[in-house]
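Here are the chains, one letter per residue:
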Amino acid sequence: QVQLVESGGGLVQAGGTLRLSCAASGRSFSSYTIGWFRPAPGKEREFVATIVWTGGRTYYADFVKGRITIDRDNAKNTQYLQMNSLKPEDAAVYYCAASNRVTSVAMASQYDYWGQGTQVTVST
């Protein structure tokens, strides 16, 4: 079992920044792929970004490339989502998710453990 707790959400003006955190407890954090997702109309949760545990390769959704950076600190069992140049359309609840069996990083159904989410609100 892996428990995930997100934090760092809040209200920010358009163009501002937020740094979300995902703290993990339970099994070895470093052996899990940890991703970030958010709800989207008519979809399973929408992929935002992920770090694959083997090699640390990062993947980003096209709509966040250049604005968002994902990184992790295995010693602290924590993953971060640095969000810059935020837009009103980025407003959502952001969830982190973990899996050690991911073959397609953007598929929410391949992630087995989920946090409760953290709200990001972007004002104009």
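What counts as what
- Residues numbered from 1 in each chain as written.
- Predicted model: local features only at pLDDT ≥ 70, side-chain atom pairs only at ≥ 80, totals over all residues.
- Heavy atoms only, no water.
- Helix = DSSP H or I, 4+ residues; strand = E, 2+ residues; numbered from the N terminus.
- Rg over C-alpha atoms; globule rule 2.2 N^0.38 Å.
- Buried < 20%, exposed > 50% of the residue type's maximum accessible area, 1.4 Å probe, protein only.
- Contact = heavy atoms within 4.5 Å.
- Areas by Shrake-Rupley, 256 points an atom, 1.4 Å probe, with all protein chains shown as cover.
- Lys, Arg positive; Asp, Glu negative; His and termini not counted.
- Charge placed at Lys NZ, Arg CZ, Asp CG, Glu CD.
- Core = buried A, V, L, I, M, F, W, Y, C linked by side-chain atoms within 4.5 Å.
- Salt bridge = Lys/Arg side-chain N within 4 Å of Asp/Glu carboxyl O.

Trainee: How should I be thinking about the overall build of the protein chain in this particular structure?
Mentor: The secondary structure content of the protein chain amounts to zero helices and eleven strands. Taken over C-alpha atoms, the radius of gyration comes to 13 Å for the protein chain, in line with the 14 Å a tight globule of 124 residues would show. Along the three orthogonal principal directions, the C-alpha set of the protein chain runs to about 40 × 30 × 25 Å. By residue count, 46% of the 124 residues in the protein chain fall in the buried class. In the protein chain, the share of contacts with a sequence separation of at least 24, taken over all contacts with a separation of at least 6, comes to 57%. Total accessible area computed for the protein chain in this model is approximately 6000 Å², and 48% of it derives from carbon and sulfur atoms. Treating the 12 positive side-chain charges of the protein chain as one cloud and the 9 negative ones as another, the clouds have centres 3 Å apart.

Trainee: What exactly am I supposed to notice about the nonpolar core here?
Mentor: Generally speaking, soluble globular proteins have nonpolar side chains that are buried together. In terms of nonpolar packing, the biggest core is built from 35 residues, with Leu4, Trp36, Val48, Leu81, Met83 and Tyr94 touching the most fellow members. Elements with a minimum of two residues in this core: strand 1 (2–7), strand 3 (18–26), strand 4 (33–38), strand 5 (46–51), strand 7 (68–73), strand 8 (78–83), strand 9 (92–99) and strand 11 (118–123). In contact with Leu81, other than residues within four places in its own chain, are Leu18, Arg19, Leu20, Trp36, Val48, Ala49, Ile68, Thr69, Ile70 and Tyr94.

Trainee: What am I meant to see in the pattern of salt bridges here?
Mentor: What the rule picks out here adds up to six salt bridges. The partner of Asp90 in a salt bridge is Arg38, and the shortest N-O contact between them spans 3.5 Å. Linking Asp90 in the loop between strand 8 and strand 9 with Arg38 in strand 4, this pair joins segments that are 52 residues apart in sequence. For Asp90, a relative accessible area of 1% translates into the label buried. What emerges from the salt-bridge pattern is a single network uniting Arg38, Glu46, Arg67 and Asp90.

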